[in-house]
Amino acid sequence: MCRALPAGTLVLMLIVSTLAQALDLSPAEHAGKRLYREGLSSSDAQVSARVGAADMLVPASVVPCGSCHGADGLGRAEGGVRPPVLNWQRLAQGQGLRSANGRRYPAYTEASLARAIQEGRDPAGNQLDPAMPRFVLSMADQRNLSAYLKRLADDRDPGLSEQTLRLGTLLPEQGPLAPSARVVAAVLNDRIDQLNRQGGIHGRQLQMISIDPGPDRASAEQALTELIEQQQVFALISPVVPALESTLASRLEKARIPMIGAAPTAGRSTQIFDPLPGLDDQLLSLADYAQGNLALQQAGTQIVYADPAQAGLARQLLQQLQRRGWGEVTAAPLTEQAATGQAIFYLGDAEGFGQLTAQLQQAGRTPYLFAAANQVASQLAQVPENWSRRVFLAYPFVPGDWTPGGSQALSAMRQRQGLDGRQGVLQVSTWCAMQLLGDALKQIGRDASREKLITALEGLHDLQTGLTPPLNFGPGRRQGLAGAHVVTLEMPGPVFFPVAAYRPVAEGNAP
Ligand code: HEC
């Protein structure tokens, strides 16, 4: 691939990748870092490790140091024998005994460090727990690794300095998404300003870099690269980039950057934490309601999607409905022809929803319609009257979820930023994203890293936002809410009429 690029591009890429390093590392330290994080040697030789009490030989790339001790060397609490903090200061500097996992030993030297890594013994001669692999290292590999271990404590993630923590986002300044982007910018600026006035987080002021992703996917990719490589942001928050729907997840994973904000429906990722529920869970809440109250499982049901990119999601939903006992479900793109069935689940934008109701109206039919409110909100005033109580919408939160404190804080923010009630879902989701970030950063302390941020976000349970049901995350859980309230439209009006409160939808199987 490089061969196809003009020479100038390659030079630019080299400059950029040097910039991307958080710390100036010598070539030896850099090689040591690769060994530490990926288990790869600077030579072509494969590095091996003996694991477990039985000394089974495996490639070191399967058990790189960072996988247990953390990329930051701070160890990971995983129960049982804990990988100790690998900080040169703790290991090797000063006099006196240190201790880890009940062992006591004098300071490490380079030689005794090599013995620990290769033979599993500490400076006092204590056998290390066999959970620590024994690595088979060349002298050069060992030298590189030791060199890097001395720098590990300073090798912070990008975006962190003594005084600041840099966040990034992508917000279009022109085009149809610009109004939404302005709302997001207002909420982010407001929250960051408030946090900074209170002294920032652990002594660091939050900085925000916002880049315009431009008109298309190529420009959006480039803007993301700039955030990651030139701007060196620590984490992404609430970007508005539908153009990156299918690539955002993998880009973030590759760069190991955490993001908090609306997850693309096409590409979930362990890096992305979304305060609000996914489209799939929202529609399943509607299905569960319909199943319990409208007895529609045996009616003909069609899942209609306006955007071809949502065909996959439609298929997933179809399988979920079948598993829940819905008989005749089909999925089809929105076309000129009116959709069939007595129940229609709609995926797509407001315009498509308008088209759908107009077509059905013309065909003289009023099947039950199900949709996520945030997708179709702007069309709801136009829904014809004969659909009274036949349109059901999923709402991640309703005003009933707002505590007095929450709604007061929200209206104070609106006043400061000149916002009104429009784009309420976007305001609340951005607000919650900032709360998640702030809470997690406070928890991890001053010695922050991206990995620790992810672990802290995973640990947030029953988080009260004052504006939504309590949010819950976990090791496999990246969406704070797993379902939605169900609200129906009563005509004329329309009047919004809640019919079922939020409860998490059952995973996979029938509720
Ligand atoms: C599979 C998990 C795992 C991997 C991979 C791993 N370690 Fe460890 N390491 C541990 C555990 C667990 C201990 C604690 C053993 C004990 O206390 O008995 C440990 C202990 C150590 C110690 C001793 C620290 C002390 O305070 O005495 C050093 C040094 C060390 N590891 C370095 C490394 C390096 C360097 C690598 C990569 C080349 C590495 N480890 C890879 C799990 C791991």
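In what follows, the structure referred to is the one given above.
Quick look at the structure, then. (Residues numbered from 1 in each chain as written. Predicted model: local features only at pLDDT ≥ 70, side-chain atom pairs only at ≥ 80, totals over all residues. Heavy atoms only, no water.)

So, the packing of aromatic side chains
Reasoning step 1: Evaluated as defined, the whole model comprises eleven aromatic pairs.
Reasoning step 2: Arranged with centres 4.7 Å apart and planes meeting at 20 degrees, the rings of phenylalanine 345 and phenylalanine 370 form a pair that is stacked. Taken together, the positions of phenylalanine 345 in strand S13 (residues 343-347) and phenylalanine 370 in strand S14 (residues 368-372) put the pair 25 residues apart, joining distant regions of the chain. Each member of the pair, phenylalanine 345 together with phenylalanine 370, is buried.
Reasoning step 3: Each residue in the set Tyr289, Trp326, Phe345, Tyr368, Phe370 and Phe392 is aromatic and connected to the rest through ring pairs, giving one cluster.
Reasoning step 4: Stacked on the ring of tryptophan 431, the Lys or Arg arginine 191 has its end atom at 4.0 Å from the ring centre. (Phe/Tyr/Trp six-rings, centres within 6.5 Å; stacked < 30°, edge-to-face > 60°. Helix = DSSP H or I, 4+ residues; strand = E, 2+ residues; numbered from the N terminus. Buried < 20%, exposed > 50% of the residue type's maximum accessible area, 1.4 Å probe, protein only. Lys NZ or Arg CZ within 6 Å of the ring centre and 35° of its normal.)

Some details on the pattern of salt bridges
Reasoning step 1: For the structure shown, the criterion picks out 15 salt bridges.
Reasoning step 2: In this structure, arginine 191 engages aspartate 190 in a salt bridge whose closest nitrogen and oxygen atoms are separated by 3.2 Å.
Reasoning step 3: Take arginine 191: its relative accessible area is 19%, and that puts it in the buried class.
Reasoning step 4: When salt bridges that share partners are traced, they join Asp190, Arg191 and Arg416 into one network. (Salt bridge = Lys/Arg side-chain N within 4 Å of Asp/Glu carboxyl O.)

Observations regarding the nonpolar core
Reasoning step 1: Formed by 48 residues in total, the largest nonpolar core has its most connected members in Leu206, Leu441 and Leu453.
Reasoning step 2: With ten residues, the single largest contributor to this core is helix H15 (residues 424-444).
Reasoning step 3: Setting aside anything within four residues of it in sequence, one finds leucine 441 in contact with Leu165, Ile201, His202, Leu206, Phe234 and Leu453.
Reasoning step 4: One finds Ala287, Leu296, Phe345 and Tyr368 within the second-largest nonpolar core, a separate group that totals 31 residues. (Core = buried A, V, L, I, M, F, W, Y, C linked by side-chain atoms within 4.5 Å. Contact = heavy atoms within 4.5 Å.)

A closer look at the coordination of the iron atom of the ligand
Reasoning step 1: At 2.1 Å from the iron atom of the ligand lie its protein donor atoms, namely His69 (NE2) and Met132 (SD).
Reasoning step 2: One way to put it: the six donor atoms around the iron atom of the ligand meet at angles of 88 to 180 degrees, and that makes the site octahedral. With histidine 69 in helix H3 (residues 65-69) and methionine 132 in the loop between helix H5 (110-119) and strand S5 (134-136), this pair connects stretches of sequence that are 63 residues apart.
Reasoning step 3: For histidine 69, a relative accessible area of 8% translates into the label buried. (Donors = N, O, S within 2.8 Å, 3.2 Å for Na, K, Ca; no water. Tetrahedral: all angles 85-135°; square planar, octahedral: opposite > 155°, others 65-115°.)

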